[in-house]
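Observations on the model geometry
Here is how the chains run, residue by residue.
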Amino acid sequence: MAALIRRSCSLLSSYCKHGSLATVCSRTMASKTAVGFVGLGNMGSPMAKNLLKHGYPIVAFDVFPEACKEIQDSGAQISDSPADVAEKADRIITMLPSSPNAIEVYTGANGILKKVKKGSLLIDSSTIDPAISKELARASEKAGAVFMDAPVSGGVGAARSGNLTFMVGGVEQEFDAAKELLSCMGANVVYCGEVGTGQAAKICNNMLLAIGMIGTAETMNLGIRLGLDPKLLSKILNMSSGRCWSSDTYNPVPGVMEGVPSSNNYQGGFGTTLMAKDLGLAQDSATNTKTPTPLGSIAHQIYRMMCAKGYSQKDFSAVFQFLREEENL
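Residues numbered from 1 in each chain as written. Predicted model: local features only at pLDDT ≥ 70, side-chain atom pairs only at ≥ 80, totals over all residues. Heavy atoms only, no water.

For the rest of this paragraph, the subject is unusual backbone geometry. Although it is not a glycine, Asn-265 sits at a positive phi angle of roughly 55°. Structurally, the position occupied by Asn-265 is in the loop between helix H12 (245-248) and helix H13 (272-289). Its relative accessible area of 47% is what places Asn-265 among the partly exposed residues. We note that Lys-290 has phi near 55°; this positive angle belongs to a residue other than glycine. On the secondary structure map, Lys-290 appears in the loop between H13 and helix H14 (294-308). Taking the relative accessible area as the measure of exposure, Lys-290 reaches 78% and is therefore exposed. (Helix = DSSP H or I, 4+ residues; strand = E, 2+ residues; numbered from the N terminus. Buried < 20%, exposed > 50% of the residue type's maximum accessible area, 1.4 Å probe, protein only.)

Spelled out as structure tokens, the structure:
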């Protein structure tokens, strides 16, 4: 029944294409049922807040009470466990740090699947092993629910502004129902194929992101040692063929750009530990598919070294600082 309601809402939404009519339709559908949200970290909290801003009642859970307090102050209802969330909502979004966390939240003693409603739509926006996504999809199907993987790209800034990119894998017939929610949190919602393909797209993207960030950090460091002003060098790169996201949007050199982690002692943003984790997933996939990824492998080693040398809680752009320290050894 819940799945039928979702499909009906999606069909109704397709007729509401313009102006205030679309807003009315969206709010009408949003007011009917609550949306569950599990995982209220740097990414999950602003994502849940954007759902609230679009009129969706939120039933939330996080293992850290302070994270729950913040979203509760924004109007969400707090639950005692993922299972409790599943009792109160038939559409649930999860945003978790790693594969073990996702397994626990879905299949643990107090996991979602212990009390999930038949026909529920489960959307996992964590970045985890594609094979784990497939396992969770099979377990969800046995419980009568639909599981989709929908990892994100864009970072904390895009999560706050609602401009994330979602890469979605799962049953295509359920994509419109998922997109209804994901569009409240992202500017781009892309269907990638069967379950696991969203994760595949994400780990490929993050491998390139890591390689690009290391390259930008090396380039900026070399330019500075050659006597170039870092702001001038950044300007030249961004009007030349070396331009990339790490140079023009998320520059790793302190003082070159405002509002990025490098200008805040590398606090906030996307943690080095998480980048090392994602690169590990990419290397596992490369091994399983016998795909040569020499630069991805080197990037993985660099971020693992950073974690071992005290950078684990800093933003991944701190690779610039790491390289500066390494040259003095």
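There's plenty left to go through after this.
A rise of 1.5 Å per residue sets the reference length of H14, with its 15 residues, at 21 Å; its end C-alpha atoms lie 21 Å apart and thus fit the reference within 8%. Taken together, the buried residues of H14 touch helix H10 (197-225), H13 and helix H15 (319-326). (Expected span 1.5 Å × (residues − 1). Contact = heavy atoms within 4.5 Å.)

Now for the packing of aromatic side chains. Evaluated as defined, the whole model comprises 7 aromatic pairs. With a centroid separation of 5.4 Å and 55° between ring planes, the pair formed by Phe-175 and Tyr-191 is classed as tilted. Placement of the pair is Phe-175 in helix H9 (residues 175-182) and Tyr-191 in strand S9 (residues 186-193), with a sequence separation of 16 residues. These aromatic residues form a ring-pair network of at least three members: Trp-245, Tyr-250, Phe-270, Tyr-303 and Phe-316. (Phe/Tyr/Trp six-rings, centres within 6.5 Å; stacked < 30°, edge-to-face > 60°.)

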